[in-house]
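What follows is the residue order along each chain.
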Amino acid sequence: MRTADTDTYDVLVIGGGPAGLSAALNLGRSLMRVLVVDADRPRNAATLNSHGFLTRDGVAPHELRRMARDELTAYPNIEVRTRIRVLELRRSASAADGETDAGFTASVGRKDPTDVVTARSVLLATGLHETLPDVPNLRGFYGISLFSCAACDAWELRSRRLALIGETPDLADRARLISRWTESLTVFTLGADTVTAAEEAELAASGVAVLRHPIAELVGDRGRIEAIRLTDGTVVAVEGGFVRPEWQTDLSFLHGFAPAIDRDGHLVTDRSGRTDIPGLYAAGDAAIPGPQQLIVAAGAGARVASVMVHDAVGIATAH
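A brief report on the enclosed structure follows. (Residues numbered from 1 in each chain as written. Predicted model: local features only at pLDDT ≥ 70, side-chain atom pairs only at ≥ 80, totals over all residues. Heavy atoms only, no water.)

1. What to know about the packing of aromatic side chains
Part 1: If you walk through the whole model with that rule in mind, you get two aromatic pairs.
Part 2: Seen in terms of ring centroids, Phe147 and Phe242 are 6.5 Å apart; in terms of plane orientation they differ by 50°. Their pairing is tilted. Of this pair, Phe147 sits in strand β8 (residues 146–147) while Phe242 sits in strand β15 (residues 240–243), and the two are 95 residues apart along the sequence.
Part 3: In this structure, Arg33 packs its charged tip against the face of Tyr9, placed 4.3 Å from the ring centre.
Part 4: A cation over a ring is seen here: Arg158 above Trp155, with NZ or CZ 3.8 Å from the ring centre. (Phe/Tyr/Trp six-rings, centres within 6.5 Å; stacked < 30°, edge-to-face > 60°. Helix = DSSP H or I, 4+ residues; strand = E, 2+ residues; numbered from the N terminus. Lys NZ or Arg CZ within 6 Å of the ring centre and 35° of its normal.)

2. Quick notes on the state of the cysteines
Part 1: Tallied over the entire structure, the rule returns one disulfide.
Part 2: What pairs with Cys149 in a disulfide is Cys152, and their sulfur atoms sit 2.3 Å apart. The sign of the S-S torsion, about 70°, decides the handedness of the disulfide formed by Cys149 and Cys152: right-handed. (Disulfide = S-S within 2.5 Å.)

3. Focus: the environment of Thr194
Part 1: Relative to the helices and strands, Thr194 resides in the loop between β10 (184–188) and α5 (197–205).
Part 2: The spacing of Thr194 and Thr168 is 26 residues in sequence and 6.0 Å in space, taken between C-alpha atoms.
Part 3: Beyond its immediate stretch of four places on either side in the chain, Thr194 contacts Glu167, Thr168, Pro169, Leu171, Thr189 and Glu199. (Contact = heavy atoms within 4.5 Å.)

4. Re the side chain of Asp38
Part 1: If you trace the backbone, Asp38 turns up in strand β2 (residues 34–38).
Part 2: Classification of Asp38 as buried rests on a relative accessible area of 5%.
Part 3: Separated by 3.3 Å, the side chain of Asp38 and the backbone nitrogen of Gly16 make a polar contact.
Part 4: Residues within four places of Asp38 in sequence aside, it is in contact with Gly15, Gly16, Arg65, Arg69, Arg81, Thr82, Arg83 and Ile84. (Buried < 20%, exposed > 50% of the residue type's maximum accessible area, 1.4 Å probe, protein only. Polar contact = N/O pair within 3.5 Å; in protein donor to acceptor, adjacent residues only side chain to side chain.)

5. Considerations on the packing of helix α1 (residues 18–28) against helix α2 (residues 61–72)
Part 1: Taken N-terminus to C-terminus, the directions of α1 and α2 make an angle of 20°; their axes are 10 Å apart at the nearest point. For the element pair α1 / α2, the angle class is roughly parallel. Crossing angle aside, the handedness with which α1 passes α2 is left-handed. Between α1, through Leu21, Ala24 and Leu25, and α2, the contact on the second element is made entirely by Arg65, Ala68, Arg69 and Leu72. (Axes fitted to C-alpha atoms, helices over the stretch in contact; angles between N-to-C directions. Parallel < 35°, antiparallel > 145°, perpendicular 65-115°, else oblique. Left-handed = near helix turned anticlockwise from the far one by under 90°.)

6. Considerations on helix α6 (residues 294–313)
Part 1: With 20 residues, α6 ought to run about 28 Å at 1.5 Å a step, and its terminal C-alpha atoms sit 29 Å apart, in line with that.
Part 2: Looking at α6, one finds that the buried residues are Leu294, Ala297, Ala298, Gly301, Val304, Ala305, Val307, Met308 and Val309.
Part 3: Following α6 by one or two positions, Gly314 has its phi on the positive side, about 75°. (Expected span 1.5 Å × (residues − 1).)

7. What to know about the nonpolar core
Burial of nonpolar side chains together is a common tendency in soluble globular proteins.
Part 1: Among the nonpolar cores identified, the biggest contains 25 residues, and Leu12, Ile14, Val86, Leu89, Val122 and Leu124 are the most heavily contacted of them.
Part 2: Residue assignment for this core shows that the elements contributing at least two residues are β1 (8–14), β2, β4 (85–91), β5 (104–109), β6 (113–124) and β18 (280–282).
Part 3: Ranked by residues supplied to this core, first place goes to β6 with four residues.
Part 4: For Leu12, the contacting residues outside a window of four places in its chain are Leu35, Val37, Val86, Leu89, Ala106, Ala119, Ser121, Val122 and Leu123.
Part 5: By size, the runner-up hydrophobic cluster in this structure holds 22 residues, among which are Met32, Leu123, Ala305 and Val309. (Core = buried A, V, L, I, M, F, W, Y, C linked by side-chain atoms within 4.5 Å.)

8. As for the sheet that holds strand β13 (residues 224–230)
Part 1: Read from one edge to the other, the open sheet built from three strands follows the order β12-β13-β14, with strand pairing classed as antiparallel. Each edge of the sheet is formed by a strand with only one pairing partner; in this case those strands are β12 (215–221) and β14 (235–237). If you compare each strand with its neighbour and ignore which way they point, the axes differ by 25° on average.
Part 2: Relative to β14, β13 is paired through three bridges, and the arrangement is antiparallel. Within β14, the position partnered with Ile228 by the bridge is Val236. (Pairing = 2+ DSSP bridges.)

Here is the structure:
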């Protein structure tokens, strides 16, 4: 399985978040030769503390990643390269001839390729790029008092006056979820017609207000939000809240092949993490259903690693 060529690997893991690092650990422990390539620009970079990860509740996301990378150094068959990217990933020439175990070739570097590596299989754990709603000075509060994940951060905001900011069709559903943690929630649609009249009436019956004017300004100090001022002059006092970003999967580095994606741009896999491209797997935020808690992404990485090992030796996986 392994060769003397230092640029040939059993598995190339693209992405060094919880899914990718968890997969690398489990693949390495199965005697796979693994290369992790991580651009080191995580979606949760603005988040000060992560939550819901058993034994690590409250740890900073960057610290969790550091500890994981440190653990991987104990395995000589696992290599982690950070702050570089896979600039181009191609299926090997034999793949074009129909071989299902043909492997992949990747150009790895920063702006220009600096190295070429080959791998029998590839795990896409690239995560997502997020675009925040177009609200003045939102970045100054994001990750401190405004968040995107209710399961991750709503406990710390429980019973406070909260805002939900967004313009996506699922805004009413998110409002229903967040109202579990507060009796004072205001939804700001930024002028978009994304909450229907029926949804607004249902939310109002639960004590949730919907305001449809665009936001002129977020008011607060040092990342702690205190109020939201609308373009019509209305000012609403809040003590925290949530935003609904839009997420995109970047697959621009794939050349000559295109795995299936759903209508939201997430990679389609079977229940074991296999895409429709032989030898190509996916786990974490990049795969359906999209953004997940860190512990869920880590579990997905471990799961797909087991499947990849089973596939490599040609046995059916039991899960």
